[in-house]
Each structure stands twice: as C-alpha cells, then as structure tokens.
Amino acid sequence: MLNTIELFAGAGGLALGVERAGFNTIGLIEFDRSACDTLEKNRPNWRVICDDIANISKLDLEEYFGIKKGELDLLSGGAPCQAFSYAGKRLGLEDARGTLFYHYAVFLEKLQPKMFLFENVRGLLTHDGGKTYKTILEIFTNAGYTIEKKVLNAWDYGVAQKRERLITIGIRNDLTDKIKYEFPKEHEYKPLLRDVLKDVPESVGVPYGESKRKLFELVPPGGYWRDIDPKLAKEYMKSCWEMEGGRTGILRRMSMDEPSLTVLTSPSQKQTERCHPLEARPFNVRENARCQSFPDEWEFCGTVMSQYKQVGNAVPVNLAYEVAIKIKEALEG
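Residues numbered from 1 in each chain as written. Predicted model: local features only at pLDDT ≥ 70, side-chain atom pairs only at ≥ 80, totals over all residues. Heavy atoms only, no water.

Participant: Sorry, what's going on with the environment of S57 here?
Facilitator: Its place among the elements puts S57 in helix 3 (residues 53-57). Taking relative accessible area as the criterion, S57 reaches 5% and is therefore assigned buried. Residues S57 and A105, spaced 48 residues apart in sequence, show a C-alpha to C-alpha distance of 9.4 Å. Apart from residues no more than four positions distant in its own chain, S57 is found in contact with H103, V106, F107 and K110. Within the structure, the side chain of S57 is placed 2.8 Å from the side chain of H103, a separation counted as a polar contact. (Helix = DSSP H or I, 4+ residues; strand = E, 2+ residues; numbered from the N terminus. Buried < 20%, exposed > 50% of the residue type's maximum accessible area, 1.4 Å probe, protein only. Contact = heavy atoms within 4.5 Å. Polar contact = N/O pair within 3.5 Å; in protein donor to acceptor, adjacent residues only side chain to side chain.)

Structure (structure tokens):
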C-alpha cells in the first residue's frame, strides 16, 4: 500500500481523491477545528492532527509518523501562499520563513518523500510578478526534486465547475529514471449543473434577504444585472454602477446548462453572485458540495458559515482523484 501524509487538509477534498486513487493516509494536519471534526466524522480511521503546522514541523517527523526518511510515497497539500520576503534575494528556504509554505518545505526536507503534490490557485503563477512561485520552485529544486507543473481546470475532469488549480508535482531526483509523471487527459464530457443539481439531499443554507430575493426573481437563468430594469439594477449596485468592465458577477444567476462558476467560501458576495438556477436563493451547502464533487455521504461539521467555507476552500474530489491516480501509476512504474 502506498502511504501519504497531507498538510493543510481542510475538509478533505484532496485527501478523499488521493484515498480513492488507492493511497493509505497515515496523517493529516489541519488547524481549523470544524474542518478537523469533518475529517474525523467521515474517516474515524484517519489520524487527524488538529494543530498549528508550525508546532508539528519542528518535531522529529520520522519518529512522529513512524516512517523513515525517504520511505514516504507521497506528501500532498496546498499551503496558502502569502508574499515572501526578498531580502538578499537568496531564493531559498529562508525567503519563505514566516509563511505557511515554509512548513510544507520543511516536511519535504525532513521526510524526503518519493513524490509530492502541491496544489494552489492559478494566481500563484503571477503573484508578486511571478517571484513567489519562482522561490517555491527554487526551494523544491534545492530539496532534491524534479518538477512538473500545469494549470488544470476541474471542469475537464468530471467536476461540474469551472475552477482552475495550479498543480505542481515533484519527483525525488534519485528516482527520475524510474518514475515518470503524466498529467491526466481531459475528459470528453464536461458535466453541467443539470447533472449535479438533481435529487440533492436536504441541507443547511443561507437565504437572501427579502429585497434581494425579489430582485433575483426578475433575473432569468444565465442572466445578470443587465437583464433587469436599469433603475432597479442601479439602486442595487450603488457605487458599482459607475465602475468599468462588464461586472458580470453582479446579480448573476446560474443556468442548468452551464457548469458552476468557482464555488466560493461564502453563500453571497455582491461582486460574485451565484444564484440558484431555479430558485431565488444561493446554493446551499450540499449543492456546493455536489459542484465540488464531494459524495453525498461526506458530512460537514460546524456552523453553516463554516461549512460553506470548508466546501469553498476544498480541492474538487474528482480533480484530486485524476491527479493522484497518475501519481500512483508513476510510483508503481
């Protein structure tokens, strides 16, 4: 059995996809208590470490996880990436100190897994003029890894949602003659909301206020603020009315004949509305989970807003699976 450790595990979207691909999860680290409760509820057999990663990364990781350096098959996770310091422009681990990514790099240095999976937002490519990602790649290279990277859109991999993620794969240098990684091929069929919004189980959610609900009743499926009386739109948009650009996210109602736009961490944000196609309300937690390709039996813990956040921050399960099955094939040669 191939073993994996996951950092910044959240509600388990990535971990679930990796498990489905055939990996044995020997540890997951997550700071948020509600997300930890979600992981523990759904997978009582997983070792969920609910702690600040800064506390764990300074330990003897071989002893802590009961695994020798070089034996771990896969380290996975996606650290939230803050800007790094470029004092001295060393482009090494010191530049990342004080950031969450630093701890991912420390795990990599200490455990030297055969492969790693580092996922993040597409915007990381251009963050701080590309310097942040350049530093990250330098650190991975200095840790002894050969890198493959690609931006993948979840919609191409059985997820009813347009969501781009930057996937960075590392292969330990001493194994590059044996291990070759190929990114998954895009699926021919790309699912739409009509494929996932049928027979959705009962769920918690947050409704719109009365005036907003009435406005959304005027917006046709697939429409936005331009599709209603300009007087009403202007009143709703206030200062946004004068802004440049299409502002297509405002008063945006989804259609059953399109994929979801990127699922967000909150049910309702003025500039990025995602109104339900058939009812004048935001998607509920379970509907968002469907758009993220979570199975219906995966239960979320915590307050309603915490559940929205956990689902919105997750890696789509089907995308995680497609990337991980290719890692498994690479490791098994």
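On we go from here.
Participant: Explain the pattern of salt bridges here, please?
Facilitator: In a structure, side chains of opposite charge can pair up when their charged atoms sit close to one another. For the structure on display, the rule yields 20 salt bridges. The partner of E119 in a salt bridge is R165, with the nearest N and O atoms 2.8 Å apart. Highlighted residues: E119 in strand 5 (residues 115-121) and R165 in strand 7 (residues 164-172), separated in sequence by 46 residues. Note on R165: relative accessible area 10%, which makes it buried. Residues K214 and E210 are paired through a salt bridge, measuring 3.8 Å at the closest nitrogen-oxygen approach. (Salt bridge = Lys/Arg side-chain N within 4 Å of Asp/Glu carboxyl O.)

Participant: In this structure, what is going on with the nonpolar core? I would like to understand it.
Facilitator: A general feature of soluble globular proteins is that nonpolar side chains tend to end up buried together. Ranked by internal contacts, the top residues of the largest apolar core, which has 34 residues, are L7, L75, F101, Y104, F107, F118 and F140. When contributions to this core are tallied by element, the ones reaching two or more residues are strand 1 (2-7), strand 2 (23-30), helix 3, helix 4 (61-65), helix 5 (100-111), strand 5 and helix 6 (131-142). It is helix 5 that contributes the most residues to this core, eight residues altogether. In this structure L7 touches I29, I53, L75, S76, G77, G78, Y104 and F107, once residues within four positions along its chain are discounted. (Core = buried A, V, L, I, M, F, W, Y, C linked by side-chain atoms within 4.5 Å.)

Participant: Would you explain the sheet that holds strand 7 in this entry?
Facilitator: Strand pairs in the sheet, formed through backbone hydrogen bonds, run parallel or antiparallel to each other. Pairing in this open sheet of seven strands is mixed, and the strands run 3-2-1-4-5-7-6 from one edge to the other. Strands at the two margins of the open sheet, each flanked by one partner only, are strand 3 (48-50) and strand 6 (145-153). Shown here is a sheet whose adjacent strand axes are inclined to one another by a mean of 15°, direction ignored. For strand 6 and strand 7, the ladder comprises nine bridges, and the chain directions are antiparallel. Bridge pairing links E148 to I169 in strand 7. (Pairing = 2+ DSSP bridges. Axes fitted to C-alpha atoms, helices over the stretch in contact; angles between N-to-C directions.)

Participant: Please clarify how helix 6 should be interpreted in this entry.
Facilitator: Every α-helix winds through 3.6 residues per turn, so residues three or four apart in the chain are directed the same way. With 12 residues, helix 6 should reach 16 Å at 1.5 Å per residue; the first-to-last C-alpha distance of 16 Å fits that figure. Residues of helix 6 that are buried: T132, Y133, T135, I136, L137, I139 and F140. Elements in contact with the buried residues of helix 6: helix 5, strand 5, strand 6 and strand 7. Phi for G144, located one or two positions after helix 6, is positive at around 100°. (Expected span 1.5 Å × (residues − 1).)

Participant: Help me understand the environment of Y308 in this model?
Facilitator: Tracing the chain through its elements places Y308 in helix 11 (residues 304-313). When the C-alpha atoms of Y308 and V263 are compared, they prove to be 9.3 Å apart, with 45 residues separating the residues in sequence. Non-local contacts of Y308, meaning those with residues more than four positions away in its chain, are made with G205, V206, L264, T265, P267, F283, N284, V285 and N288.

Participant: When you look at the packing of helix 5 against helix 6 in this model, what are you seeing that I'm missing?
Facilitator: Each pair of packed helices gets described by two things: the angle between the helix axes and the distance between those axes. At a closest axis distance of 10 Å, the pairing of helix 5 and helix 6 adopts a crossing angle of 15°. Judged by the angle between their axes, helix 5 and helix 6 are roughly parallel. The two elements helix 5 and helix 6 cross, and the hand of that crossing is right-handed. Of the residues in helix 6, those in contact with F101, Y104, A105 and L108 of helix 5 are I136, I139 and F140. Among the residues forming the contact of helix 5 with helix 6, the class breakdown is seven nonpolar, no polar and no charged. (Parallel < 35°, antiparallel > 145°, perpendicular 65-115°, else oblique. Left-handed = near helix turned anticlockwise from the far one by under 90°. Nonpolar A, V, L, I, M, F, W, Y, C, P; charged D, E, K, R; others polar.)

Participant: Please clarify how the state of the cysteines should be interpreted in this entry.
Facilitator: By definition, a disulfide links the sulfur atoms of two cysteines through a covalent bond. As enumerated under the stated definition, the model contains zero disulfides in all. Residue C291 stays outside any disulfide, its sulfur separated by 13 Å from that of C275, the closest cysteine. Its relative accessible area of 0% is what places C291 among the buried residues. (Disulfide = S-S within 2.5 Å.)

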